[in-house]
Amino acid sequence: MFRLKQAEIQTLIEEEQARLLRLEGRLQQIECEPGKLPPHEIILKQVEPQLVLSFRQQTSPAVIPQMHAELQQQLQHAGLALTSYLVIWHGCEECDDAMDLEVACPIPQAISGKHHLRVQTLAAEPTVASILHPCEPQHVCPASLELAGWIEANHYQMAANHPRREVYLTPEAGGLYIAEVQIPVQARN
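First things first, this report covers the structure right here in the doc. (Residues numbered from 1 in each chain as written. Predicted model: local features only at pLDDT ≥ 70, side-chain atom pairs only at ≥ 80, totals over all residues. Heavy atoms only, no water.)

**Examining the packing of aromatic side chains**
Stage number 1. Summed over the entire model, instances satisfying the criterion amount to two aromatic pairs.
Stage number 2. Judged by centre distance (5.2 Å) and plane angle (25°), the rings of Y85 and Y168 are stacked. Taken as a pair, Y85 in strand β3 (residues 85-91) and Y168 in strand β8 (residues 164-171) lie far apart in primary sequence, 83 residues in all.
Stage number 3. For Y168, a relative accessible area of 1% puts it in the buried group.
Stage number 4. Between the aromatic rings of W150 and Y156, the centroid separation amounts to 6.0 Å while the plane-to-plane angle is 15°, which identifies the pairing as stacked.
Stage number 5. On the basis of relative accessible area, W150 is assigned to the buried category, the value being 17%.
Stage number 6. With relative accessibility at 22%, the residue Y156 sits in the partly exposed group. (Phe/Tyr/Trp six-rings, centres within 6.5 Å; stacked < 30°, edge-to-face > 60°. Helix = DSSP H or I, 4+ residues; strand = E, 2+ residues; numbered from the N terminus. Buried < 20%, exposed > 50% of the residue type's maximum accessible area, 1.4 Å probe, protein only.)

Take a look at the structure:
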C-alpha cells in the first residue's frame, strides 16, 4: 500500500513540475522585451504530406514520452526503425492535463497497429514558420513562444485550424532533443 501511495505521489509531483515549467515559459513570454530578436534563426518553408503512425489523446504533456515509447514499440514490432517523431498540438494548450496531443512517427509504408494507433497522412502545409532548438518533448517550449512573437512582428498570422507541429530529430544527452517547431502561417490581411 505504501509503494502504491509513493508512486501516486511521485506522479503528482512530476505533473506539478511540468505545470510549473509551462507557467515559467508563459512568464518568460510576458516578460520578454518587445522587439527583442529571438536567439534562433527562423525560416519560412513548405512541408510535404507525410505518412505516419500516430496516437492521439487528451492528456498532460508529461505523458508524451510514454506515448512515444508505445509508438516505438509498435514500429519495432513491424520491423521499422524510428528516425524521428512529431508532437502535434491540436488545441487547448492552456488545458494543462487535458491538452489535445498527438504523437506521430513517420513510416515508409502503411502498417497494421493496435486499435488506438492509426496510420494517416499528415496534410501538406504551404507555409510554416520554423525554428530549430534544443528541447524536452514533455514541456512547453520557449522557442514556440519566440516563434509566435516573430510571426506577429513580421505581419503573418497563424493559420486557423492548422495545428503546431514539433519534430524531434535527434536525442541529446540529458533528455534534450534537437527539435524543429513548425507553425502554419499565412500573410495577415
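**Examining the nonpolar core**
Stage number 1. In this structure, Y85 and V87 are the most contacted members of the largest nonpolar core, which totals 21 residues.
Stage number 2. Of all the secondary structure elements, the ones that give two or more residues to this core are β2 (50-59), α2 (64-77), β3, β4 (99-106) and β9 (177-187).
Stage number 3. When near neighbours in sequence (up to four residues on either side) are disregarded, V87 contacts I64, L101, E102, V103, R164, R165, E166 and Y168.
Stage number 4. Counting 10 residues, the second largest nonpolar core, distinct from the first, contains I42, I131, A143 and I183. (Core = buried A, V, L, I, M, F, W, Y, C linked by side-chain atoms within 4.5 Å. Contact = heavy atoms within 4.5 Å.)

**Here's the deal with the pairing of β9**
Stage number 1. Within β9, eight of the 11 residues are buried, which leaves the element mostly enclosed by the surrounding structure.
Stage number 2. Pairing between strand β6 (residues 125-135) and β9: eight bridges, direction antiparallel. From the neighbouring strand, C135 faces β9, where its bridge partner is Y177.
Stage number 3. Bridging between strand β7 (residues 156-158) and β9 involves three bridges; their strand directions are antiparallel. Of the residues in β9, the one forming a bridge with M158 is V185. (Pairing = 2+ DSSP bridges.)

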